[in-house]
2 protein chains.
Amino acid sequence: MTGPEQRAPKQDRSRITRERLLGASIDLLATQGWAATTVGAVAAAAGVSRGAAQHHFPTREDLITAALEHMIEQRVESVRAVGLELPEPGPDRTVAVVRLIVEHYTSDLFKAALQVWTAAASDPALADRVLPLETAMSREVLGIAAAALERDPSDARVRRALQTTLDLARGLGLADVLSDDSGRRDKIIRFWAQTMDEVLDDAGKSHPVTGGRGPF
Amino acid sequence: MTGPEQRAPKQDRSRITRERLLGASIDLLATQGWAATTVGAVAAAAGVSRGAAQHHFPTREDLITAALEHMIEQRVESVRAVGLELPEPGPDRTVAVVRLIVEHYTSDLFKAALQVWTAAASDPALADRVLPLETAMSREVLGIAAAALERDPSDARVRRALQTTLDLARGLGLADVLSDDSGRRDKIIRFWAQTMDEVLDDAGKSHPVTGGRGPF
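Residues numbered from 1 in each chain as written. Chains lettered and ligands numbered in written order. Predicted model: local features only at pLDDT ≥ 70, side-chain atom pairs only at ≥ 80, totals over all residues. Heavy atoms only, no water.

## What to know about the relation of the copies chain B and chain A
Part 1: Mapping chain B onto chain A calls for a rotation angle of 180° and an axial translation of 0.0 Å; the resulting RMSD is 0.0 Å. Each copy turns onto its partner about a two-fold axis.
Part 2: Both copies present the same face, since 100% of the interface residues in chain B are matched by interface residues at the equivalent positions in chain A. (Least-squares fit on C-alpha atoms with pLDDT ≥ 70 in both. Contact = heavy atoms within 4.5 Å.)

Below, the structure is given as structure tokens:
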């Protein structure tokens, strides 16, 4: 075995090549669509030889699944990071959390994922590969949202409300594909945030209310 | 000008050919995806010659836009027809209306439309053609839902709640593409129906409450 100091440069180059391929896949999917996102096109967009691309990812499905997985990890990390900078608990925080989730579903990652989901609709083998990614992503985002809202995710009503938020965000993301829908979307975000607070407060918060319903 | 009795048979044949092409387009889009839905493939699936297909629809965009428009009309009619058979006003009716809208977005029409929307994401000219269809469909479904729920669609809060229902339905439709999601979906339908009743009843109904909150 060689020591890390000897392996590092080659490993670094390999890692950089891999990440460029993954990033180029997401860009191509989001902007050019499924049919245009071949291993050859991704390699060209990433400035990598087709052979090197195929060394990392033997098939198009390998490449695209890895790209989705990588981007989901990055997005979940960024959602988590924004989650640390939210307003004080209260209506403003709920709006911020709903907006965070909706923005997740109007990102380039969503536009790329939409291409893959739509292709998977007529390709069961592809669906089998992407479904676990989508399930894991939903679970992560749900957990982050529950923590940010200081709600108990083991409460069925909280879980239902947060799942509704994710489904709504997915629908808003789909509407955003056809046209810039941001004005209408903002109104729906505020409406749903207020509604969710009302419906969950009626059912009792999962922890003692600690003030925080005022401006701060 | 020839009289209707002389025109009818030829017109009938033409209309039947047209409808077969439109139906085959939706089937192919929903099951085989965008790339597979060419004028030639649709003509073959419909048992129509390619020349006859091109006589009706010179381009693939003409065919697919006409197919979406035709199916939207049919779906809106069927939503309207079911709307006449709803339970008495009350919680059961709200669940039935939300379910009707969600079923609209989990139908084959939605699966076909999803293929077109996703293709339109990287094709602005196609987006320009399908956006008005989507806008008109949303407006129709919204109007039917407001009438069925006996809510005033000119009330901003009612409009917001119904738009949220449509966005949620679109998101549930998208989730349904990857896997059979019907169990979870049913819970979300019930949760949202109850939530919408609560939030709109708080804000005051648009008409005097006429009983109907009991079992019937």
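Past the structure itself, the notes keep going.
## Examining unusual backbone geometry
Excluding glycine, residues mostly carry a negative phi; peptide bonds, for their part, are mostly trans.
All names here are of chain A.
Part 1: For Glu150, which is not a glycine, the phi torsion comes out positive at approximately 55°.
Part 2: With respect to the helices, strands and loops of the structure, Glu150 is situated in the loop between α7 (124-148) and α8 (156-178).
Part 3: Looking at Glu150, the relative accessible area reads 31%, which means it is partly exposed. (Helix = DSSP H or I, 4+ residues; strand = E, 2+ residues; numbered from the N terminus. Buried < 20%, exposed > 50% of the residue type's maximum accessible area, 1.4 Å probe, protein only.)

## A few points about the side chain of Lys111(B)
All names here are of chain B.
Part 1: Structurally, Lys111 can be placed in helix α6 (residues 108-120).
Part 2: One polar contact links the side chain of Lys111 to the main-chain carbonyl oxygen of Thr106, over a distance of 3.2 Å.
Part 3: In this structure Lys111 touches Ala30, Thr106 and Asp176, once residues within four positions along its chain are discounted. (Polar contact = N/O pair within 3.5 Å; in protein donor to acceptor, adjacent residues only side chain to side chain.)

## Digging into the UniProt feature "DNA-binding region" (unreviewed entry) in chain A
Part 1: Taking the numbering used here, the UniProt-annotated feature "DNA-binding region" (unreviewed entry) corresponds to residues 38-57 of chain A.
Part 2: Across residues 38-57 of chain A, the secondary structure splits into 75% helix and 0% strand, with the terminal C-alpha atoms separated by 11 Å. (UniProt positions renumbered as here; feature names shortened; annotations may be inferred.)

## What to know about the packing of α8(A) against helix α9 (residues 182-202) of chain B
Part 1: Running from amino to carboxyl end, α8(A) crosses α9(B) at an angle of 95°, the nearest separation of the two axes being 10 Å. In this view, α8(A) runs roughly perpendicular relative to α9(B), as classed from their interaxial angle. Between α8(A) and α9(B), the residues in contact are Arg157(A), Arg160(A), Ala161(A), Gln163(A), Thr164(A), Asp167(A) and Arg170(A) and Arg184(B), Lys187(B), Ile188(B), Phe191(B), Gln194(B) and Glu198(B), respectively. (Axes fitted to C-alpha atoms, helices over the stretch in contact; angles between N-to-C directions. Parallel < 35°, antiparallel > 145°, perpendicular 65-115°, else oblique.)

## Focus: the pattern of salt bridges
Residue and element names in this part refer to chain B.
Part 1: Inspection of the entire model under this criterion finds 30 salt bridges over all chains.
Part 2: Asp186 is the partner of Arg99 in a salt bridge, and the nearest nitrogen-oxygen pair spans 2.3 Å. On the criterion of sequence distance, the pair formed by Arg99 in helix α5 (residues 91-104) and Asp186 in helix α9 is long-range, its members being 87 residues apart.
Part 3: The partly exposed category is assigned to Arg99, whose relative accessible area is 23%.
Part 4: Salt-bridge contacts for Arg151 lead to Asp201; the nearest nitrogen and oxygen are separated by 3.1 Å. You can see Arg151 sitting in the loop between α7 (124-148) and α8 (156-178) and its partner Asp201 sitting in helix α9, a full 50 residues away along the chain.
Part 5: Overall, Asp201 belongs to the partly exposed group, its relative accessible area being 31%. (Salt bridge = Lys/Arg side-chain N within 4 Å of Asp/Glu carboxyl O.)

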